[in-house]
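# An overview of the molecular structure
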Amino acid sequence: MKTGLYQGTTLKQEMKINPRLYQAMDLLYMPLLDLQQHLKQELLNNPFLDLVEPDAEEEVKQEKEEKEKTEDDEIDWEEILLNGFETGGRREEYEEREYYEPVSVDTKDLGDHLHDQLTLLRLSERELLLGEEVIGNVSDEGYLVCPLEEIVTTLNDFVRVSDGFEDVAPYGMDEAERMLRTIQAFDPAGIAARDLRECILLQLRDSALQELITETGETEPEPSEVDRRLAESLAYRIVRDYFDQLINHRWSEISKELSITPRDVQDAADEVAKLDPKPGLKYSSGGDNYIIPDLIVEKIEGEYLVFLNDTSLPRLKLSRAYRDIAKDKKKFVGENKEFISNKLNSANWMIQAIEQRRQTMLKVMNFIVDRQRDFFDKGVQYLKPLTLREVAEVIDMHESTVSRVTNEKFVQTPRGVFPLKFFFSSGLSTTSGEDVSARGIKAQIEKLVSDEDPAHPLTDQAIVNILKDDGIQIARRTVAKYRDQLGVLSARMRKRV
(Lines give C-alpha, C1' and ligand atoms only; values in the text may rest on other atoms or scores of the structure.)
Protein backbone atom coordinates (compact mmCIF):
# COMPACT_ATOMS: atom_id res chain seq x y z
CA MET A 1 0.00 0.00 0.00
CA LYS A 2 1.40 3.37 -1.01
CA THR A 3 1.73 5.84 1.85
CA GLY A 4 1.64 9.64 1.68
CA LEU A 5 -0.69 12.62 1.60
CA TYR A 6 -3.37 12.84 -1.04
CA GLN A 7 -6.67 14.62 -1.75
CA GLY A 8 -9.92 13.01 -2.68
CA THR A 9 -13.68 13.39 -2.62
CA THR A 10 -16.24 11.12 -0.99
CA LEU A 11 -20.01 11.10 -1.03
CA LYS A 12 -21.92 9.96 2.06
CA GLN A 13 -25.23 10.47 3.81
CA GLU A 14 -25.46 11.45 7.46
CA MET A 15 -28.15 12.87 9.72
CA LYS A 16 -27.49 15.98 11.77
CA ILE A 17 -30.01 17.36 14.23
CA ASN A 18 -30.50 21.09 14.15
CA PRO A 19 -29.54 22.66 17.52
CA ARG A 20 -32.97 24.29 17.54
CA LEU A 21 -34.54 20.84 17.48
CA TYR A 22 -32.64 19.96 20.63
CA GLN A 23 -34.01 23.12 22.25
CA ALA A 24 -37.54 22.29 21.12
CA MET A 25 -37.25 18.83 22.70
CA ASP A 26 -35.99 20.41 25.92
CA LEU A 27 -39.00 22.74 25.99
CA LEU A 28 -41.35 19.77 25.68
CA TYR A 29 -39.55 18.00 28.51
CA MET A 30 -39.63 20.95 30.94
CA PRO A 31 -42.23 20.99 33.73
CA LEU A 32 -44.12 24.23 34.35
CA LEU A 33 -41.74 25.81 36.88
CA ASP A 34 -38.65 24.99 34.82
CA LEU A 35 -40.22 26.45 31.70
CA GLN A 36 -41.18 29.60 33.58
CA GLN A 37 -37.57 30.15 34.66
CA HIS A 38 -36.28 29.36 31.17
CA LEU A 39 -38.53 31.95 29.55
CA LYS A 40 -37.51 34.59 32.07
CA GLN A 41 -33.88 33.92 31.20
CA GLU A 42 -34.66 34.21 27.48
CA LEU A 43 -36.29 37.58 28.10
CA LEU A 44 -33.05 38.78 29.67
CA ASN A 45 -30.80 37.40 26.94
CA ASN A 46 -32.76 38.33 23.82
CA PRO A 47 -33.70 42.03 23.35
CA PHE A 48 -36.14 41.11 20.59
CA LEU A 49 -38.43 39.36 23.09
CA ASP A 50 -40.89 41.27 25.21
CA LEU A 51 -43.80 40.53 27.53
CA VAL A 52 -47.41 40.78 26.44
CA GLU A 53 -49.16 42.69 29.21
CA PRO A 54 -52.87 42.03 29.87
CA ASP A 55 -53.98 45.46 28.67
CA ALA A 56 -52.09 45.02 25.39
CA GLU A 57 -53.67 41.74 24.35
CA GLU A 58 -56.34 43.24 22.14
CA GLU A 59 -53.83 45.39 20.32
CA VAL A 60 -51.58 42.43 19.69
CA LYS A 61 -54.47 40.40 18.30
CA GLN A 62 -55.25 43.16 15.83
CA GLU A 63 -51.63 43.31 14.77
CA LYS A 64 -51.61 39.58 14.20
CA GLU A 65 -54.65 39.78 11.93
CA GLU A 66 -53.00 42.50 9.84
CA LYS A 67 -49.72 40.57 9.35
CA GLU A 68 -48.89 39.71 5.71
CA LYS A 69 -46.83 36.64 4.88
CA THR A 70 -43.85 36.95 2.53
CA GLU A 71 -42.28 34.23 0.35
CA ASP A 72 -38.86 35.94 0.03
CA ASP A 73 -35.81 33.98 1.18
CA GLU A 74 -34.28 37.11 2.69
CA ILE A 75 -35.64 38.08 6.12
CA ASP A 76 -37.85 41.14 6.00
CA TRP A 77 -36.99 42.62 9.41
CA GLU A 78 -39.35 45.56 9.04
CA GLU A 79 -42.32 43.32 8.27
CA ILE A 80 -41.66 40.97 11.19
CA LEU A 81 -40.72 43.58 13.74
CA LEU A 82 -43.56 45.97 12.96
CA ASN A 83 -46.23 43.28 13.16
CA GLY A 84 -45.05 40.55 15.53
CA PHE A 85 -47.26 37.80 16.87
CA GLU A 86 -48.29 36.20 20.14
CA THR A 87 -48.62 32.71 21.52
CA GLY A 88 -52.40 32.90 21.88
CA GLY A 89 -54.61 31.90 24.78
CA ARG A 90 -56.14 33.99 27.49
CA ARG A 91 -53.83 35.45 30.15
CA GLU A 92 -54.92 36.40 33.63
CA GLU A 93 -53.05 38.98 35.72
CA TYR A 94 -49.43 37.91 35.17
CA GLU A 95 -47.89 39.44 38.27
CA GLU A 96 -50.67 38.33 40.63
CA ARG A 97 -50.74 34.72 39.46
CA GLU A 98 -46.99 34.14 39.30
CA TYR A 99 -45.80 31.06 41.18
CA TYR A 100 -42.81 31.17 43.46
CA GLU A 101 -40.84 28.08 44.41
CA PRO A 102 -41.32 27.43 48.14
CA VAL A 103 -38.25 27.93 50.32
CA SER A 104 -37.80 25.48 53.19
CA VAL A 105 -37.30 26.91 56.65
CA ASP A 106 -34.09 25.66 58.25
CA THR A 107 -34.94 23.11 60.94
CA LYS A 108 -32.96 20.84 63.25
CA ASP A 109 -32.25 17.36 61.98
CA LEU A 110 -31.85 14.16 63.99
CA GLY A 111 -28.16 14.79 64.70
CA ASP A 112 -28.91 18.25 66.11
CA HIS A 113 -31.72 16.85 68.25
CA LEU A 114 -29.48 14.15 69.77
CA HIS A 115 -26.56 16.53 70.24
CA ASP A 116 -28.76 18.97 72.18
CA GLN A 117 -29.73 16.18 74.59
CA LEU A 118 -26.10 15.11 74.93
CA THR A 119 -24.94 18.59 75.94
CA LEU A 120 -27.58 18.72 78.71
CA LEU A 121 -25.86 15.86 80.52
CA ARG A 122 -23.02 16.39 82.97
CA LEU A 123 -20.25 14.85 80.89
CA SER A 124 -16.49 15.29 80.82
CA GLU A 125 -14.79 16.36 77.61
CA ARG A 126 -13.69 12.75 77.13
CA GLU A 127 -17.26 11.45 77.41
CA LEU A 128 -18.62 14.27 75.26
CA LEU A 129 -16.17 13.41 72.48
CA LEU A 130 -17.22 9.74 72.61
CA GLY A 131 -20.91 10.66 72.61
CA GLU A 132 -20.51 12.91 69.56
CA GLU A 133 -18.69 10.12 67.73
CA VAL A 134 -21.56 7.70 68.42
CA ILE A 135 -24.20 10.22 67.36
CA GLY A 136 -22.26 10.91 64.18
CA ASN A 137 -22.74 7.27 63.20
CA VAL A 138 -26.54 7.27 63.63
CA SER A 139 -28.39 7.17 60.30
CA ASP A 140 -31.38 9.31 59.35
CA GLU A 141 -33.62 6.32 60.10
CA GLY A 142 -32.23 6.21 63.65
CA TYR A 143 -29.96 3.16 63.53
CA LEU A 144 -26.31 2.87 64.54
CA VAL A 145 -24.70 2.08 61.19
CA CYS A 146 -21.17 1.44 62.44
CA PRO A 147 -20.06 -1.30 64.89
CA LEU A 148 -18.97 -0.04 68.31
CA GLU A 149 -15.56 -1.68 67.82
CA GLU A 150 -14.95 0.42 64.72
CA ILE A 151 -16.12 3.60 66.49
CA VAL A 152 -13.67 2.97 69.34
CA THR A 153 -10.81 2.23 66.92
CA THR A 154 -11.47 5.34 64.85
CA LEU A 155 -11.74 7.56 67.92
CA ASN A 156 -8.51 6.18 69.42
CA ASP A 157 -6.68 6.80 66.12
CA PHE A 158 -7.96 10.37 66.11
CA VAL A 159 -6.87 10.99 69.70
CA ARG A 160 -3.43 9.54 69.04
CA VAL A 161 -2.58 11.88 66.11
CA SER A 162 -4.36 15.05 67.28
CA ASP A 163 -2.76 17.86 69.26
CA GLY A 164 -4.07 18.43 72.78
CA PHE A 165 -4.99 14.77 73.39
CA GLU A 166 -1.56 13.46 74.46
CA ASP A 167 -2.71 12.65 77.99
CA VAL A 168 -6.01 11.02 76.98
CA ALA A 169 -6.13 7.28 77.67
CA PRO A 170 -7.44 5.00 74.92
CA TYR A 171 -11.18 4.37 74.88
CA GLY A 172 -12.43 0.90 75.77
CA MET A 173 -15.44 -1.14 74.73
CA ASP A 174 -17.03 -0.98 78.20
CA GLU A 175 -16.93 2.80 78.05
CA ALA A 176 -18.45 2.79 74.56
CA GLU A 177 -21.23 0.40 75.63
CA ARG A 178 -22.18 2.70 78.54
CA MET A 179 -22.29 5.73 76.24
CA LEU A 180 -24.42 3.84 73.72
CA ARG A 181 -26.94 2.91 76.43
CA THR A 182 -27.03 6.57 77.50
CA ILE A 183 -27.81 7.72 73.96
CA GLN A 184 -30.37 4.94 73.48
CA ALA A 185 -32.33 6.52 76.34
CA PHE A 186 -32.66 9.75 74.35
CA ASP A 187 -35.74 10.90 72.47
CA PRO A 188 -37.08 9.47 70.20
CA ALA A 189 -37.49 6.04 71.73
CA GLY A 190 -35.63 3.31 69.86
CA ILE A 191 -32.82 5.59 68.68
CA ALA A 192 -29.26 4.30 68.04
CA ALA A 193 -30.40 0.67 67.89
CA ARG A 194 -28.14 -1.77 66.03
CA ASP A 195 -31.02 -3.69 64.42
CA LEU A 196 -34.80 -3.78 64.24
CA ARG A 197 -35.15 -6.16 67.18
CA GLU A 198 -33.15 -3.88 69.48
CA CYS A 199 -35.10 -0.85 68.22
CA ILE A 200 -38.42 -2.47 69.20
CA LEU A 201 -37.08 -3.62 72.57
CA LEU A 202 -35.93 -0.06 73.33
CA GLN A 203 -39.36 1.32 72.49
CA LEU A 204 -41.08 -1.28 74.67
CA ARG A 205 -38.73 -0.38 77.54
CA ASP A 206 -39.53 3.31 77.08
CA SER A 207 -43.25 2.50 77.08
CA ALA A 208 -42.92 0.59 80.37
CA LEU A 209 -40.93 3.49 81.84
CA GLN A 210 -43.60 6.01 80.88
CA GLU A 211 -46.32 3.81 82.40
CA LEU A 212 -44.43 3.66 85.70
CA ILE A 213 -43.93 7.43 85.74
CA THR A 214 -47.66 7.92 85.18
CA GLU A 215 -48.66 5.40 87.86
CA THR A 216 -46.16 6.35 90.58
CA GLY A 217 -45.52 10.00 89.83
CA GLU A 218 -41.76 9.41 90.09
CA THR A 219 -39.68 11.08 87.40
CA GLU A 220 -36.97 8.40 87.56
CA PRO A 221 -38.33 4.97 88.57
CA GLU A 222 -35.87 2.33 89.72
CA PRO A 223 -34.38 0.28 86.86
CA SER A 224 -35.40 -2.89 88.70
CA GLU A 225 -39.03 -1.76 88.58
CA VAL A 226 -38.77 -1.19 84.83
CA ASP A 227 -37.23 -4.66 84.39
CA ARG A 228 -40.03 -6.20 86.48
CA ARG A 229 -42.66 -4.50 84.31
CA LEU A 230 -40.92 -5.75 81.15
CA ALA A 231 -40.77 -9.30 82.53
CA GLU A 232 -44.57 -9.18 82.73
CA SER A 233 -44.86 -7.89 79.16
CA LEU A 234 -45.73 -10.65 76.69
CA ALA A 235 -44.81 -8.43 73.75
CA TYR A 236 -41.34 -7.79 75.18
CA ARG A 237 -40.69 -11.51 75.80
CA ILE A 238 -41.83 -12.48 72.31
CA VAL A 239 -39.62 -9.85 70.64
CA ARG A 240 -36.66 -10.79 72.84
CA ASP A 241 -36.89 -14.58 72.52
CA TYR A 242 -38.98 -15.35 69.41
CA PHE A 243 -38.29 -12.50 67.00
CA ASP A 244 -37.81 -14.67 63.90
CA GLN A 245 -41.10 -16.47 64.49
CA LEU A 246 -42.79 -13.13 65.15
CA ILE A 247 -41.81 -11.50 61.86
CA ASN A 248 -42.94 -14.64 60.01
CA HIS A 249 -46.34 -14.68 61.79
CA ARG A 250 -45.85 -18.13 63.28
CA TRP A 251 -48.44 -17.61 66.00
CA SER A 252 -49.03 -21.32 66.71
CA GLU A 253 -45.34 -22.05 67.15
CA ILE A 254 -44.91 -19.20 69.64
CA SER A 255 -48.10 -20.11 71.53
CA LYS A 256 -46.87 -23.68 72.06
CA GLU A 257 -43.51 -22.47 73.36
CA LEU A 258 -45.16 -20.06 75.84
CA SER A 259 -48.21 -22.23 76.62
CA ILE A 260 -50.65 -19.51 75.62
CA THR A 261 -53.30 -19.19 72.90
CA PRO A 262 -52.49 -18.01 69.35
CA ARG A 263 -54.89 -15.12 69.95
CA ASP A 264 -52.72 -13.89 72.84
CA VAL A 265 -49.67 -14.00 70.56
CA GLN A 266 -51.51 -12.06 67.88
CA ASP A 267 -52.60 -9.40 70.37
CA ALA A 268 -48.97 -8.99 71.42
CA ALA A 269 -47.95 -8.77 67.75
CA ASP A 270 -50.56 -6.03 67.21
CA GLU A 271 -48.99 -4.10 70.08
CA VAL A 272 -45.56 -4.42 68.46
CA ALA A 273 -46.96 -3.37 65.07
CA LYS A 274 -47.88 0.04 66.52
CA LEU A 275 -44.21 0.86 67.19
CA ASP A 276 -42.04 2.88 64.81
CA PRO A 277 -39.46 0.80 62.88
CA LYS A 278 -37.62 3.96 61.77
CA PRO A 279 -37.82 6.38 64.71
CA GLY A 280 -35.27 8.83 63.30
CA LEU A 281 -37.39 9.79 60.29
CA LYS A 282 -39.63 12.02 62.40
CA TYR A 283 -36.69 14.40 62.58
CA SER A 284 -35.75 14.04 58.94
CA SER A 285 -34.68 17.26 57.28
CA GLY A 286 -36.28 16.34 53.94
CA GLY A 287 -38.47 19.14 52.58
CA ASP A 288 -41.97 18.93 51.17
CA ASN A 289 -42.47 18.35 47.46
CA TYR A 290 -44.82 20.83 45.82
CA ILE A 291 -46.63 20.01 42.59
CA ILE A 292 -48.08 22.58 40.22
CA PRO A 293 -50.18 20.83 37.54
CA ASP A 294 -49.32 21.63 33.94
CA LEU A 295 -52.86 20.79 32.78
CA ILE A 296 -56.35 21.02 34.24
CA VAL A 297 -59.33 18.81 33.39
CA GLU A 298 -62.73 20.14 34.41
CA LYS A 299 -66.20 18.67 33.92
CA ILE A 300 -68.47 21.35 32.48
CA GLU A 301 -72.06 20.51 31.55
CA GLY A 302 -71.29 16.81 31.38
CA GLU A 303 -68.18 17.17 29.22
CA TYR A 304 -64.55 17.00 30.27
CA LEU A 305 -62.59 19.99 29.00
CA VAL A 306 -58.80 20.37 29.04
CA PHE A 307 -57.04 23.63 29.89
CA LEU A 308 -53.39 24.55 30.14
CA ASN A 309 -52.37 25.86 33.55
CA ASP A 310 -49.94 28.35 31.99
CA THR A 311 -51.23 31.69 33.21
CA SER A 312 -48.05 32.07 35.24
CA LEU A 313 -45.86 31.79 32.15
CA PRO A 314 -44.56 34.98 30.54
CA ARG A 315 -46.38 35.51 27.24
CA LEU A 316 -43.95 36.59 24.59
CA LYS A 317 -44.06 38.92 21.61
CA LEU A 318 -41.51 40.68 19.44
CA SER A 319 -40.32 43.85 21.13
CA ARG A 320 -41.76 47.17 19.98
CA ALA A 321 -38.54 48.90 20.93
CA TYR A 322 -36.83 47.36 17.90
CA ARG A 323 -39.45 48.34 15.33
CA ASP A 324 -37.79 51.67 14.74
CA ILE A 325 -34.47 49.93 14.22
CA ALA A 326 -35.96 47.76 11.50
CA LYS A 327 -37.16 50.76 9.49
CA ASP A 328 -33.65 51.67 8.33
CA LYS A 329 -32.04 48.52 6.96
CA LYS A 330 -28.97 50.40 5.77
CA LYS A 331 -27.77 50.65 9.35
CA PHE A 332 -27.41 46.89 9.56
CA VAL A 333 -23.91 45.95 8.37
CA GLY A 334 -21.25 43.51 9.53
CA GLU A 335 -21.57 42.25 13.08
CA ASN A 336 -24.67 44.36 13.74
CA LYS A 337 -26.48 42.70 10.86
CA GLU A 338 -25.48 39.22 12.05
CA PHE A 339 -26.48 40.01 15.67
CA ILE A 340 -29.92 41.28 14.68
CA SER A 341 -30.49 38.36 12.31
CA ASN A 342 -29.57 35.77 14.94
CA LYS A 343 -31.57 37.35 17.75
CA LEU A 344 -34.58 37.92 15.53
CA ASN A 345 -34.60 34.35 14.28
CA SER A 346 -34.19 33.10 17.86
CA ALA A 347 -37.09 35.25 19.09
CA ASN A 348 -39.38 34.07 16.27
CA TRP A 349 -38.43 30.46 16.87
CA MET A 350 -38.98 30.71 20.64
CA ILE A 351 -42.48 32.10 20.25
CA GLN A 352 -43.38 29.43 17.73
CA ALA A 353 -41.86 26.66 19.88
CA ILE A 354 -43.87 27.71 22.94
CA GLU A 355 -47.07 27.69 20.92
CA GLN A 356 -46.19 24.29 19.47
CA ARG A 357 -45.58 22.98 22.99
CA ARG A 358 -48.99 24.21 24.10
CA GLN A 359 -50.79 22.60 21.16
CA THR A 360 -48.94 19.29 21.58
CA MET A 361 -49.78 19.06 25.28
CA LEU A 362 -53.44 19.81 24.58
CA LYS A 363 -53.59 17.16 21.84
CA VAL A 364 -52.07 14.51 24.10
CA MET A 365 -54.29 15.30 27.09
CA ASN A 366 -57.47 15.52 25.00
CA PHE A 367 -56.78 12.06 23.62
CA ILE A 368 -56.14 10.71 27.14
CA VAL A 369 -59.44 12.17 28.36
CA ASP A 370 -61.33 10.62 25.44
CA ARG A 371 -59.68 7.23 25.94
CA GLN A 372 -59.99 7.19 29.75
CA ARG A 373 -63.51 8.61 30.02
CA ASP A 374 -64.60 5.67 32.21
CA PHE A 375 -61.81 6.45 34.68
CA PHE A 376 -63.00 10.04 35.10
CA ASP A 377 -66.59 8.86 35.52
CA LYS A 378 -66.15 5.73 37.64
CA GLY A 379 -62.64 5.47 39.10
CA VAL A 380 -59.28 3.79 38.76
CA GLN A 381 -60.69 0.29 38.29
CA TYR A 382 -61.98 1.39 34.89
CA LEU A 383 -58.65 2.55 33.49
CA LYS A 384 -57.99 1.20 30.02
CA PRO A 385 -54.59 0.04 28.78
CA LEU A 386 -52.77 2.75 26.87
CA THR A 387 -49.31 3.06 25.32
CA LEU A 388 -47.28 5.98 24.06
CA ARG A 389 -47.38 4.52 20.56
CA GLU A 390 -51.18 4.58 20.45
CA VAL A 391 -51.22 8.27 21.35
CA ALA A 392 -48.45 9.05 18.87
CA GLU A 393 -50.32 7.36 16.01
CA VAL A 394 -53.56 9.20 16.72
CA ILE A 395 -52.08 12.70 17.06
CA ASP A 396 -49.59 12.05 14.23
CA MET A 397 -46.41 12.61 16.21
CA HIS A 398 -43.37 10.55 17.08
CA GLU A 399 -43.50 8.31 20.14
CA SER A 400 -40.49 10.06 21.67
CA THR A 401 -42.32 13.39 21.41
CA VAL A 402 -45.28 12.00 23.36
CA SER A 403 -42.86 10.60 25.95
CA ARG A 404 -41.31 14.04 26.48
CA VAL A 405 -44.73 15.67 26.76
CA THR A 406 -45.87 13.24 29.46
CA ASN A 407 -42.62 13.08 31.42
CA GLU A 408 -42.71 14.86 34.80
CA LYS A 409 -46.01 16.55 33.89
CA PHE A 410 -49.06 16.56 36.16
CA VAL A 411 -52.75 17.09 35.53
CA GLN A 412 -55.40 18.27 37.96
CA THR A 413 -58.64 16.33 37.49
CA PRO A 414 -61.95 15.99 39.39
CA ARG A 415 -60.44 12.79 40.86
CA GLY A 416 -57.21 14.40 42.06
CA VAL A 417 -53.78 15.32 40.74
CA PHE A 418 -52.00 12.64 38.72
CA PRO A 419 -48.79 12.40 36.71
CA LEU A 420 -49.54 11.97 33.02
CA LYS A 421 -47.65 8.66 33.12
CA PHE A 422 -50.41 7.40 35.44
CA PHE A 423 -52.73 6.98 32.46
CA PHE A 424 -50.31 4.70 30.59
CA SER A 425 -50.10 1.02 31.46
CA SER A 426 -50.17 -2.41 29.88
CA GLY A 427 -53.37 -4.42 29.78
CA LEU A 428 -54.96 -7.86 29.83
CA SER A 429 -57.76 -9.25 27.69
CA THR A 430 -61.16 -10.18 29.05
CA THR A 431 -63.50 -12.95 27.91
CA SER A 432 -65.73 -10.31 26.32
CA GLY A 433 -62.89 -9.19 24.05
CA GLU A 434 -62.27 -5.90 25.83
CA ASP A 435 -58.98 -4.85 27.40
CA VAL A 436 -58.50 -3.84 31.03
CA SER A 437 -55.59 -1.82 32.39
CA ALA A 438 -53.02 -3.44 34.67
CA ARG A 439 -53.45 -0.47 37.01
CA GLY A 440 -57.18 -1.16 37.13
CA ILE A 441 -56.54 -4.82 37.99
CA LYS A 442 -54.25 -3.74 40.83
CA ALA A 443 -57.05 -1.55 42.16
CA GLN A 444 -59.43 -4.53 42.07
CA ILE A 445 -56.92 -6.74 43.90
CA GLU A 446 -56.43 -4.05 46.53
CA LYS A 447 -60.20 -3.77 47.04
CA LEU A 448 -60.64 -7.53 47.28
CA VAL A 449 -57.97 -7.74 49.99
CA SER A 450 -59.43 -4.81 51.93
CA ASP A 451 -62.91 -6.45 51.92
CA GLU A 452 -61.77 -10.01 52.75
CA ASP A 453 -62.48 -11.93 55.95
CA PRO A 454 -59.29 -11.53 58.08
CA ALA A 455 -59.77 -15.04 59.48
CA HIS A 456 -59.89 -16.49 55.95
CA PRO A 457 -57.80 -14.22 53.70
CA LEU A 458 -57.89 -14.68 49.95
CA THR A 459 -55.06 -16.67 48.44
CA ASP A 460 -53.56 -15.67 45.11
CA GLN A 461 -55.45 -18.51 43.42
CA ALA A 462 -58.71 -17.37 45.02
CA ILE A 463 -58.13 -13.88 43.62
CA VAL A 464 -57.46 -15.44 40.20
CA ASN A 465 -60.80 -17.26 40.38
CA ILE A 466 -62.72 -14.13 41.41
CA LEU A 467 -61.19 -12.11 38.58
CA LYS A 468 -61.93 -14.95 36.18
CA ASP A 469 -65.60 -14.76 37.16
CA ASP A 470 -65.43 -11.08 36.19
CA GLY A 471 -64.09 -12.06 32.79
CA ILE A 472 -60.41 -11.24 33.45
CA GLN A 473 -57.88 -13.87 32.45
CA ILE A 474 -54.82 -13.58 34.68
CA ALA A 475 -52.13 -15.98 35.90
CA ARG A 476 -51.53 -16.64 39.60
CA ARG A 477 -47.91 -15.46 39.36
CA THR A 478 -49.16 -12.18 37.87
CA VAL A 479 -51.49 -11.71 40.84
CA ALA A 480 -48.54 -12.38 43.17
CA LYS A 481 -46.43 -9.82 41.30
CA TYR A 482 -49.15 -7.15 41.47
CA ARG A 483 -49.72 -7.93 45.16
CA ASP A 484 -46.02 -7.43 45.90
CA GLN A 485 -46.04 -4.13 43.99
CA LEU A 486 -48.98 -2.99 46.13
CA GLY A 487 -47.17 -3.96 49.34
CA VAL A 488 -49.82 -6.55 50.25
CA LEU A 489 -48.63 -9.54 52.26
CA SER A 490 -49.39 -13.13 51.34
CA ALA A 491 -52.55 -14.80 52.63
CA ARG A 492 -50.64 -16.66 55.37
CA MET A 493 -49.12 -13.39 56.62
CA ARG A 494 -52.50 -11.60 56.56
CA LYS A 495 -54.39 -14.30 58.45
CA ARG A 496 -55.74 -13.43 61.87
CA VAL A 497 -57.02 -15.82 64.53
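Scanning the entire structure with this criterion turns up 22 salt bridges. A salt bridge links Glu-452 to Arg-494, with the shortest nitrogen-to-oxygen separation between them at 2.8 Å. Highlighted residues: Glu-452 in the loop between α21 (438–450) and α22 (460–469) and Arg-494 in helix α24 (residues 491–494), separated in sequence by 42 residues. As far as the burial class goes, Glu-452 and Arg-494 line up, both buried. Sharing partners across several salt bridges, the network here consists of Lys-299, Glu-303, Arg-373 and Asp-377.

What follows is about the packing of helix α7 (residues 125–135) against helix α9 (residues 173–184). α9 packs onto α7 with a crossing angle of 65° between their chain directions and a minimal axis gap of 10 Å. One way to sum up the angle between α7 and α9 is to call them roughly perpendicular. Along this stretch, α7 crosses α9, giving a crossing that reads as right-handed. Residues Arg-126, Glu-127, Leu-130, Gly-131, Val-134 and Ile-135 of α7 lie in contact with α9, whose contacting residues are Glu-175, Ala-176, Met-179, Leu-180 and Ile-183. Split by residue class, the contact of α7 with α9 holds seven nonpolar, one polar and three charged.

All right, on to the packing of helix α10 (residues 196–216) against helix α12 (residues 234–241) then. Helix-helix packing is characterised by the crossing angle of the two axes and by the distance between the axes. The N-to-C vectors of α10 and α12 enclose an angle of 160°; their axes lie 10 Å apart at closest approach. With respect to their mutual orientation, α10 and α12 come out roughly antiparallel. Of the two elements, α10 crosses α12, and the hand of that crossing is left-handed. Contacts from Arg-197, Ile-200, Leu-201, Leu-204 and Arg-205 of α10 reach α12 at Ala-235, Tyr-236, Val-239 and Arg-240. Classifying every residue of the contact of α10 with α12 by side-chain character gives six nonpolar, no polar and three charged.

This next bit is on the pairing of strand β5 (residues 410–413). Where burial is concerned, the two faces of β5 differ: the one with Val-411 and Thr-413 is buried and the one with Phe-410 and Gln-412 is not. As defined by bridge partners, strand β2 (residues 295–300) adjoins β5 across two bridges and the pair is classed as parallel. What sits directly across from Ile-296, in β5, is Gln-412. Count of turn residues in the β5/strand β6 (residues 416–419) antiparallel hairpin: two residues.

Moving on to the sheet that holds β2. The strands making up a sheet associate through backbone hydrogen bonding, with each pair oriented either parallel or antiparallel. Strand order in the open sheet formed by four strands is β3-β2-β5-β6, with mixed pairing between adjacent strands. Looking at strand neighbours, the two that pair on one side only are β3 (303–308) and β6, the edges of this open sheet. For this sheet, the mean inter-axis angle between neighbouring strands, taken without regard to orientation, is 25°.

Moving on to the nonpolar core. Ranked by size, the top nonpolar core spans 30 residues in total, and within it Leu-295, Val-297, Met-365, Phe-376, Val-391 and Phe-423 carry the most contacts. Looking at this core, the elements with two or more residues in it are β2, β3, α17 (334–371), α18 (373–378), α19 (388–395) and α20 (399–406). Broken down by element, the residue count for this core peaks at seven residues, all from α17. Setting aside residues no more than four positions away along its own chain, Phe-423 makes contact with Met-365, Ile-368, Gln-372, Phe-375, Phe-376, Leu-383, Lys-384, Leu-386, Val-411 and Phe-418.

On the surface, a nonpolar cluster with roughly 220 Å² of combined accessible area is contributed by Ile-300, Leu-305 and Phe-307. Position of Phe-307 among the secondary structure elements: in strand β3. Taking relative accessible area as the criterion, Phe-307 reaches 36% and is therefore assigned partly exposed.

This next bit is on the packing of aromatic side chains. Counted according to the given criterion, the structure contains nine aromatic pairs. Look at Phe-375 and Phe-376: their rings are 5.1 Å apart centre to centre, the planes differ by 70°, and that puts the pair in the edge-to-face class. For Phe-375, a relative accessible area of 2% gives the class buried. A network of ring pairs unites the aromatic residues Tyr-304, Phe-375, Phe-376, Phe-418, Phe-422 and Phe-423 as a single cluster. Sitting over the ring of Tyr-171, Arg-126 keeps its end group 4.1 Å from the ring centre.

Among the residues making up helix α6 (residues 110–119), those that are buried are Leu-110, His-113, Leu-114, Gln-117 and Leu-118. Summarising the axial view, the buried residues of α6 lie within an arc of 140°, below the 170-degree limit, and thus occupy one face. Against α7 and α9 lie the buried residues of α6. Two or three places before Gly-111, at the start of α6, stands the capping residue Asp-109, its side-chain oxygen 3.3 Å from that residue's backbone nitrogen.

This brings us to the pairing of β2. Pairing analysis gives six bridges linking β2 to β3, with the strands arranged antiparallel. Residue pairing in the sheet places Ile-300 in a bridge with Glu-303 of β3. Remark: two residues form the turn of the hairpin made by β2 and β3, two consecutive strands paired antiparallel; Glu-301 in that turn has positive phi of roughly 55°.

Spanning 14 residues, helix α2 (residues 32–45) covers 20 Å between terminal C-alpha atoms, matching the ideal 20 Å at 1.5 Å per step. What α2 keeps buried is the set Leu-32, Leu-35, Gln-36, Leu-39 and Glu-42. The buried residues of α2 all sit within an arc of 125° when viewed along its axis, so they share a single face.

For Asn-137, the position within the fold is in the loop between α7 and α8 (148–161). The class for Asn-137 is buried, based on a relative accessible area of 17%.

When you line up the elements, Gln-266 lands in helix α15 (residues 262–273). According to the relative accessible area criterion, Gln-266 is buried, its value standing at 1%.

The next thing to look at is the environment of Ala-269. By secondary structure assignment, the location of Ala-269 is in helix α15. Here Ala-269 falls in the buried class, since its relative accessible area comes to 11%. In this structure the C-alpha to C-alpha distance between Ala-269 and Trp-251, which are 18 residues apart in sequence, comes to 9.0 Å. Non-local contacts of Ala-269, meaning those with residues more than four positions away in its chain, are made with Leu-246 and Trp-251.

Rules behind the numbers
- Residues numbered from 1 in each chain as written.
- Predicted model: local features only at pLDDT ≥ 70, side-chain atom pairs only at ≥ 80, totals over all residues.
- Heavy atoms only, no water.
- Salt bridge = Lys/Arg side-chain N within 4 Å of Asp/Glu carboxyl O.
- Helix = DSSP H or I, 4+ residues; strand = E, 2+ residues; numbered from the N terminus.
- Buried < 20%, exposed > 50% of the residue type's maximum accessible area, 1.4 Å probe, protein only.
- Axes fitted to C-alpha atoms, helices over the stretch in contact; angles between N-to-C directions.
- Parallel < 35°, antiparallel > 145°, perpendicular 65-115°, else oblique.
- Left-handed = near helix turned anticlockwise from the far one by under 90°.
- Contact = heavy atoms within 4.5 Å.
- Nonpolar A, V, L, I, M, F, W, Y, C, P; charged D, E, K, R; others polar.
- Pairing = 2+ DSSP bridges.
- Core = buried A, V, L, I, M, F, W, Y, C linked by side-chain atoms within 4.5 Å.
- Patch = residues over 30% accessible without salt bridge, like charges linked within 9 Å, V, L, I, M, F, W, Y side chains within 5 Å.
- Areas by Shrake-Rupley, 256 points an atom, 1.4 Å probe, with all protein chains shown as cover.
- Phe/Tyr/Trp six-rings, centres within 6.5 Å; stacked < 30°, edge-to-face > 60°.
- Lys NZ or Arg CZ within 6 Å of the ring centre and 35° of its normal.
- Arc of directions from axis to C-beta.
- Polar contact = N/O pair within 3.5 Å; in protein donor to acceptor, adjacent residues only side chain to side chain.
- Expected span 1.5 Å × (residues − 1).

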